[in-house]
Amino acid sequence: MKRALFPGSFDPITNGHEDIILRALPLFDEIIIGVGINSEKKYMFSIEKRMAFIDSVFSKYKKIKVHFYEGLTIKYCKSIDADFILRGLRNPADFEFEKAIAHTNRKLSGIETVFLLTSSKTSFISSSIVRDIIKNKGDYKSLVPSAVNFSSK
Ligand code: ADP
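Residues numbered from 1 in each chain as written. Predicted model: local features only at pLDDT ≥ 70, side-chain atom pairs only at ≥ 80, totals over all residues. Heavy atoms only, no water.

Examining the overall build of the chain
Rule in force here: Helical segments are the DSSP runs of H or I of at least four residues, strand segments are the runs of E of at least two, and each set is numbered from the N terminus. Computation of the radius of gyration draws on C-alpha atoms, with the globule rule given as 2.2 Å multiplied by the number of residues to the power 0.38. Note on classification: 1.4 Å probe, protein chains only; a residue is buried when its accessible area is under 20% of the maximum for its type, exposed when over 50%, partly exposed between these limits. Contacts are residue-level and defined by heavy atoms, with any inter-residue pair within 4.5 Å sufficient. Computed with a 1.4 Å probe, the accessible areas rest on the Shrake-Rupley method; for each residue, only the protein chains presented here act as cover. When charges are counted, Lys and Arg are positive and Asp and Glu negative, with His and the chain ends excluded. By convention, the point assigned to a charge is CZ for Arg, NZ for Lys, CD for Glu and CG for Asp.
Across its full length, the chain holds five helices and five strands. The helix and strand sequence of the chain, counted from the amino end, reads β-α-β-α-β-α-β-α-β-α. Expected size for 153 residues packed as a compact globule is a radius of gyration near 15 Å; at 15 Å, the chain falls within 12% of this value. Projected onto its principal axes, the C-alpha positions of the chain cover 45 × 35 × 30 Å. The buried share of the chain, taken over its 153 residues, is 44%. Partitioning the intrachain contacts of the chain with sequence separation of at least 6 by distance along the chain shows that 77% fall at a separation of at least 24. Looking at the chain as shown, the accessible area adds up to about 8800 Å², and 54% of this sits on carbon and sulfur atoms. In the chain, 24 side chains carry a positive charge and 17 a negative one; their mean positions are 1 Å apart.

Quick notes on the nonpolar core
Where we set the bar: The term nonpolar core refers to a set of buried residues drawn from Ala, Val, Leu, Ile, Met, Phe, Trp, Tyr and Cys, joined through side-chain atoms within 4.5 Å.
Counting residues in each nonpolar core, the largest one holds 31 residues, and the members touching the most others are Ile54, Phe58, Leu86, Val130 and Phe150. Looking at this core, the elements that each hand over two or more residues are strand 1 (3–8), helix 1 (15–24), strand 2 (30–37), helix 2 (47–58), strand 3 (64–70) and helix 5 (127–135). Considering each element in turn, this core owes the most residues, six residues, to helix 2. Beyond its immediate stretch of four places on either side in the chain, Leu86 contacts Leu5, Phe6, Pro7, Ile20, Ala24, Phe28, Ile31, Val114 and Leu116. Counting residues in each nonpolar core, the second largest holds ten residues, with Ile32, Ile74, Tyr76 and Cys77 among its members.

Quick look at the site of the ligand
Convention followed: The cutoff for a nearby residue is simple: one of its non-hydrogen atoms must lie within 4 Å of the molecule or strand. Polar contacts, as used here, are pairs of N or O atoms within 3.5 Å; protein pairs need one atom able to donate a hydrogen and one able to accept it. Residues neighboring in sequence count only if both atoms are side-chain atoms. Side-chain classes follow a simple rule in which Ala, Val, Leu, Ile, Met, Phe, Trp, Tyr, Cys and Pro form the nonpolar group, Asp, Glu, Lys and Arg form the charged group, and the remainder, Gly included, forms the polar group.
The full set close to the ligand counts 16 residues, and Ser9, Gly88, Thr118, Thr122 and Ile125 are the nearest of them. In the model, an oxygen atom of the ligand is placed 2.9 Å from a nitrogen or oxygen of the Phe10 main chain. Within the contact set of the ligand, an oxygen atom lies 2.6 Å away from a backbone nitrogen or oxygen of Gly88. Calculation on the ligand without its partners gives an accessible area of 550 Å², and the protein chains cover 87% of this total. Residue composition of the shell around the ligand, by class: five nonpolar, seven polar and four charged.

Here we look at the packing of aromatic side chains
The geometry of an aromatic ring pair comes down to the distance between the two centres and the angle between the two planes. Our working rule: Put simply, two rings from Phe, Tyr or Trp (the six-membered ring, in Trp's case) pair if the centres are within 6.5 Å, and we call them stacked under 30 degrees between planes, edge-to-face over 60, tilted for the rest.
Tallied over the entire structure, the rule returns five aromatic pairs. Ring geometry for Phe28 against Phe84: centres 5.6 Å apart, planes inclined by 50 degrees, an arrangement best described as tilted. Placement of Phe28 in the loop between helix 1 and strand 2 and of Phe84 in strand 4 (residues 84–89) is noted, with a sequence separation of 56 residues between them. Owing to a relative accessible area of 5%, Phe28 belongs among the buried residues under this scheme. Ring geometry for Phe58 versus Tyr61: centroids 6.2 Å apart, planes at 65 degrees, classification edge-to-face.

Section: the sheet that holds strand 2
Using the following cut-off: Pairing between strands is defined by DSSP: at least two bridges between the two strands are required. Convention adopted: a line fitted to C-alpha atoms gives each axis, helices being fitted over their contacting stretch, and angles between N-to-C directions are expressed from 0 to 180 degrees.
As summarised here, the arrangement of the five strands in space is 3-2-1-4-5, forming an open sheet in which the pairing is parallel. Of all strands in the sheet, those bounded by a partner on one side alone are strand 3 and strand 5 (112–117). Within this sheet the neighbouring strands show an average axis-to-axis angle of 35 degrees, counted without direction. The pairing of strand 4 with strand 5 spans six bridges and is parallel. Bridge pairing in strand 5 places Arg87 opposite Phe115. In the packing of helix 3 (residues 73–80) onto the sheet, the strands contacted are strand 1, strand 2, strand 3 and strand 4, and the crossing angle to strand 1 comes to about 145 degrees.

With respect to unusual backbone geometry
With an omega dihedral of 0 degrees, the bond running from Asp11 to Pro12 counts as a cis peptide bond. Topologically, Pro12 is positioned in the loop between strand 1 and helix 1. In the Ramachandran plot, Phe10 falls in the positive-phi region, its phi being about 50 degrees despite a non-glycine side chain. Here Phe10 is to be found in the loop between strand 1 and helix 1. Residue class for Phe10 comes out buried when judged on its relative accessible area of 1%. The backbone of Asp81 shows a phi angle near 65 degrees, a positive value even though the residue is not glycine. Summarising the element assignment, Asp81 is placed in the loop between helix 3 and strand 4. With relative accessibility at 53%, the residue Asp81 sits in the exposed group.

This is the structure in structure tokens:
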């Protein structure tokens, strides 16, 4: 079975994440969205909320599952038998950052990272911009999937 882990903070999920996941769907038998917990990072939304937002977006897709994990991504991949890591690339900065991690992960574990380029419509979106808009009570709705309603959570 071709199983991929799509790791990230998803604080919160955006149209950019949704675009990458839906476009990767034909490539894999199963995509596990791995919501990371990193004790050094400060999150706006709790792990429960971040997972609930993702669940509400993909509830009708049987091939998509949501997990949380801590620690090394490649260790988690091994534990769930995922041979691929999925990542999105927005710009050259993303590429430079991801390149070293992907090389390291392949050297340490043999796991391949599959990159998809973002759609032009969503390439400017980041969770940090969405967080800023939420904090300042702006209208974030066009940047996140329609199933997500932060005010109701
Ligand atoms: P991380 O903290 O690991 O960067 P994110 O939740 O910010 O977690 O991102 C997870 C993945 O989603 C990364 O591969 C990132 O490049 C990708 N991503 C983030 N925003 C977008 C976007 N607008 N379009 C496509 N991919 C995106």
